[in-house]
Amino acid sequence: MRIMKMTCPACLAEAKIRKTNRKHPQLADMYCHCTNMECGLSFVMNVSFSHTISPSALTGQGRIKELIDALGENDRKKALALLLEAEEKR
Ligand SMILES: [Zn+2]
């Protein structure tokens, strides 16, 4: 897994993330500090969600599986009977 690297906007050296202030699941402030001793800039970067590349396994099919897994044995049998009945009506 790649770790997000920040770049100092003043000298372009690598900057370390000191603190993350998550404002929302899709928005965070990253408090950064430049690693260049001669620069020493401290700054805040905004990191925000842009778009989906691969959908979450917890939506769509994944969510259905999660619900099925949460059912007890009797409810699972009832759900299967309902699904088979719905399939026959097609
Ligand atoms: Zn710098």
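Think of each chain on its own: its residues are numbered from 1, step by step along the sequence as written. For a predicted model such as this one, the threshold for reporting local features is a pLDDT of at least 70, and the threshold for listing and counting side-chain atom pairs is 80 or more; totals across whole chains, interfaces and linings nevertheless cover every residue. Remark: hydrogens and water are excluded; side-chain values derive from all non-hydrogen atoms of the structure.

**Q** Account for unusual backbone geometry, naming residues and giving values.
**A** The backbone of Leu12 shows a phi angle near 70°, a positive value even though the residue is not glycine. Examined against the element boundaries, Leu12 turns out to sit in the loop between strand 1 (6-7) and strand 2 (14-24). Per the convention used, a helix needs a DSSP run of H or I reaching at least four residues, while a strand needs a run of E reaching at least two, with both numbered from the N terminus.

**Q** How would you summarise the coordination of the zinc ion if you had to cite specific residues and measurements?
**A** Angles between donor atoms at a metal ideally measure 109.5 degrees for a four-coordinate tetrahedral arrangement and either 90 or 180 degrees for a six-coordinate octahedral one. For Na, K and Ca the donor cut-off is 3.2 Å, and for all other metals it is 2.8 Å, counting N, O and S atoms only; because water is absent from this set, sites may look incomplete. Here the zinc ion is held by the protein donor atoms Cys8 (SG), Cys11 (SG), Cys34 (SG) and Cys39 (SG), which lie 2.3 Å from it. Coordination at the zinc ion is tetrahedral: its four donor atoms span angles of 99 to 114° at the metal. Considered as a linear motif, the donors of the zinc ion on their single chain read C-x2-C-x22-C-x4-C. Taken as a pair, Cys8 in the loop between strand 1 and strand 2 and Cys39 in the loop between strand 3 (27-34) and strand 4 (42-48) lie far apart in primary sequence, 31 residues in all. Buried means the residue's accessible area, taken with a 1.4 Å probe over protein chains only, is under 20% of the maximum for its type, while exposed means over 50%, and partly exposed covers the values in between. Assessed through its relative accessible area of 30%, Cys39 is described here as partly exposed. Square planar and octahedral assignments, for four and six donors respectively, both demand that opposite donors be over 155 degrees apart and that all other angles lie between 65 and 115; tetrahedral needs four donors with all angles between 85 and 135 degrees, and anything else is irregular.

**Q** Please provide a residue-by-residue account of the domain arrangement of the protein, values included.
**A** An automatic or database domain assignment provides the domain bounds reported here. Each assigned domain of the protein is listed with its residue range as follows: domain 1 (6-48) and domain 2 (52-90). Between domain 1 and domain 2, the C-alpha centre-to-centre distance is 43 Å.

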